[in-house]
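Chain by chain, the residues:
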Amino acid sequence: MTRRAIRPDHRPEGKPAEWAKPTPVILCENIGKVYSSGRIRVDALRGVSLRIEEGEFLAVMGPSGSGKSTLMNIIGTLDRPTSGTCLLAGIEVSGMDGNGLARVRNREIGFVFQNFNLFPRMTAIRNVELPLVYAGLPARERGLRAGEALDRVGLSGRALHFPNELSGGQRQRVAIARALVAGPRIILADEPTGNLDTGAGEEIMAIFRNLNAGGATIVLVTHEREIARHASRLVVLRDGLVESDGPASAAPAPAFLPPIFPDSASCPAAPFPREAVRCP
Ligand SMILES: Nc1ncnc2c1ncn2[C@@H]1O[C@H](COP(=O)(O)OP(=O)(O)OP(=O)(O)O)[C@@H](O)[C@H]1O
Ligand SMILES: [Mg+2]
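Residues numbered from 1 in each chain as written. Chains lettered and ligands numbered in written order. Predicted model: local features only at pLDDT ≥ 70, side-chain atom pairs only at ≥ 80, totals over all residues.

So, the overall build of the chain
Turning to step 1, where the next piece is worked out: Scanning the chain from N- to C-terminus turns up seven helices and ten strands.
Turning to step 2, where the next piece is worked out: By the burial criterion, 35% of the 280 residues in the chain qualify as buried.
Turning to step 3, where the next piece is worked out: Sequence-distant contacts, at least 24 apart, represent 63% of the contacts inside the chain between residues at least 6 apart. (Helix = DSSP H or I, 4+ residues; strand = E, 2+ residues; numbered from the N terminus. Buried ≥ 20, exposed ≤ 12 C-beta atoms within 10 Å, placed from the backbone. Contact = placed C-beta atoms within 7 Å.)

Below you can see the structure in the form of structure tokens.
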């Protein structure tokens, strides 16, 4: 009996290296998105291709209007591309109907937005339970899982608080608990620290790092280089195209970001906006 040679990457003899690669969790090919209203046409994305493997932590940066949120919405199936295809967890989502999309979205993706998007009349735990309501879980199990999710973000003591009784950082932690409660493989976060001070932002990033260490794939849009440094890979968009794609640590300071002033002494005096030049 002849035994077939077993290669370290489990690739059968004669097959190209590409064959052995696992299915990427997100695969976008040549995504275009045109918004048109009347005679005005905006090419928000002009051919973006992106392959994201399971367990990656990817930051997306780029100037305002470069297409970051548009790309996130397309990856997250909240919007459809005008051209190109997107596979989510190996499933071709571009041609799916509304119900099919909602099912894939609910199962595979957790969303976190800059403005938290919590329901103001619901307590923290009720907000966190929502994806489980859509998934049809019984009330008791929903409560248990939502309690666990709040615990994971360090907020079990605030379960019965309403959003207006929580700080911005705590609200965002509730939103993250809601994003992770159904056990999605992918977490998409569009400027999750954009409305938070540095301390709260760092706490949020520590939670994302933990989720990623637990196996979640994270795609996070940010305007802040310090935030992007928590990721392992950085994609920079410009004018609807990928300008660069590489390790987050090796990324040079993108030209669109204002310079960092190492200490307050070298910061320009008011009325120059301190925030805009990233003064401590
Ligand atoms: N619904 C829409 N209708 C028309 N144009 C839109 C729509 N949504 C976005 N755009 C345009 O598409 C382009 C990309 O927008 P997008 O929101 O993706 O940018 P962004 O990179 O997320 O910017 P920011 O950093 O300001 O959030 C912009 O020129 C924007 O004006
Ligand atoms: Mg945006």
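Still more ground to cover, so stick around.
Observations concerning the sheet that holds strand β8 (residues 217-221)
Turning to step 1, where the next piece is worked out: Ordered by their spatial adjacency, six strands build an open sheet running β6-β7-β8-β3-β9-β10, and the pairing between neighbours is mixed. Pairing within the sheet leaves two strands with one partner each, and these edge strands are β6 (109-113) and β10 (241-247). Adjacent strand axes in the sheet meet at a mean angle of 15 degrees when their direction is disregarded. (Pairing = 2+ DSSP bridges. Axes fitted to C-alpha atoms, helices over the stretch in contact; angles between N-to-C directions.)

Some words on the packing of helix α3 (residues 124-134) against helix α4 (residues 139-152)
Turning to step 1, where the next piece is worked out: Running from amino to carboxyl end, α3 crosses α4 at an angle of 120 degrees, the nearest separation of the two axes being 9 Å. Regarding the angle of α3 to α4, the classification is oblique. Relative to α4, α3 is oriented so that their crossing is right-handed. Between α3, through A124, I125, V128, E129, L132 and V133, and α4, the contact on the second element is made entirely by R142, G143, R145, A146, G147, A149 and L150. (Parallel < 35°, antiparallel > 145°, perpendicular 65-115°, else oblique. Left-handed = near helix turned anticlockwise from the far one by under 90°.)

Overview of the sheet that holds strand β4 (residues 83-88)
Turning to step 1, where the next piece is worked out: Pairing within the open sheet is antiparallel, and its four strands lie in the order β2-β1-β4-β5. The open sheet has two free edges, formed respectively by β2 (40-52) and β5 (91-92), since each of these has just one partner strand.
Turning to step 2, where the next piece is worked out: Relative to β4, strand β1 (residues 26-37) runs antiparallel, the two being bridged by five bridges. Bridging from a neighbouring strand, E29 pairs with T85 of β4.
Turning to step 3, where the next piece is worked out: Sitting on the sheet, helix α1 (residues 68-75) touches β1, β2 and β4, and the angle it makes with β1 is about 120 degrees.

A look at unusual backbone geometry
Turning to step 1, where the next piece is worked out: A positive phi angle, near 55 degrees, is found at N30, a position not held by glycine.
Turning to step 2, where the next piece is worked out: Relative to the elements of secondary structure, N30 occurs in strand β1.
Turning to step 3, where the next piece is worked out: For N30, a count of 13 C-beta atoms within 10 Å translates into the label partly exposed.

Focus on the site of ligand 1
Turning to step 1, where the next piece is worked out: Taken together, Y35, V42, A44, G62, S64, G65, S66, G67, K68, S69 and T70 form the complete shell of residues around ligand 1.
Turning to step 2, where the next piece is worked out: Per-element tally for the shell around ligand 1: the top contributor is α1, with three residues. (Near = placed C-beta within 6 Å.)

Some words on α4
Turning to step 1, where the next piece is worked out: Between its first and last C-alpha, α4 extends 20 Å over 14 residues, near the 20 Å set by a 1.5 Å rise per residue.
Turning to step 2, where the next piece is worked out: For α4, the set of buried residues is R142, R145, A146, A149 and L150. Projected onto a plane normal to the axis of α4, the buried residues spread over an arc of 140 degrees and lie on a single side. Residues R140, E141 and L144 are exposed on α4 and point more than 90 degrees away from its buried face.
Turning to step 3, where the next piece is worked out: Buried residues along α4 sit in contact with α3 and α5 (168-180).
Turning to step 4, where the next piece is worked out: Taken from the residues just after α4, G154 is the one with a positive phi, measuring 70 degrees. (Expected span 1.5 Å × (residues − 1). Arc of directions from axis to C-beta.)

So, the nonpolar core
Turning to step 1, where the next piece is worked out: In terms of nonpolar packing, the biggest core is built from 62 residues, with A177, I187 and I218 touching the most fellow members.
Turning to step 2, where the next piece is worked out: The element contributing the most residues to this core is α5, with six residues.
Turning to step 3, where the next piece is worked out: Discounting residues that sit within four places of it in the chain, I187 has contacts with G110, V112, A179, L180, L211, A216 and I218. (Core = buried A, V, L, I, M, F, W, Y, C linked by C-beta atoms within 7 Å.)

Quick notes on the pairing of β8
Turning to step 1, where the next piece is worked out: Burial analysis of β8 places five of its five residues in the buried class, which makes it a mostly covered element.
Turning to step 2, where the next piece is worked out: On β8, burial covers both faces: T217, V219 and V221 on one face and I218 and L220 on the other are all buried.
Turning to step 3, where the next piece is worked out: Note that strand β3 (residues 57-61) and β8 share four bridges and pair parallel. Bridging from a neighbouring strand, F57 pairs with I218 of β8.
Turning to step 4, where the next piece is worked out: Here strand β7 (residues 186-190) pairs with β8 via five bridges, running parallel. Looking at β8, one finds that A189 is bridged to L220.
Turning to step 5, where the next piece is worked out: Once you follow β7 into helix α6 (residues 198-213) and on to β8, the crossover reads as right-handed. (Right-handed = clockwise from strand over helix to strand, strands pointing away.)

Focus on the environment of I187
Turning to step 1, where the next piece is worked out: Position of I187 relative to the elements: it lies in strand β7.
Turning to step 2, where the next piece is worked out: In this structure the C-alpha to C-alpha distance between I187 and I176, which are eleven residues apart in sequence, comes to 9.0 Å.

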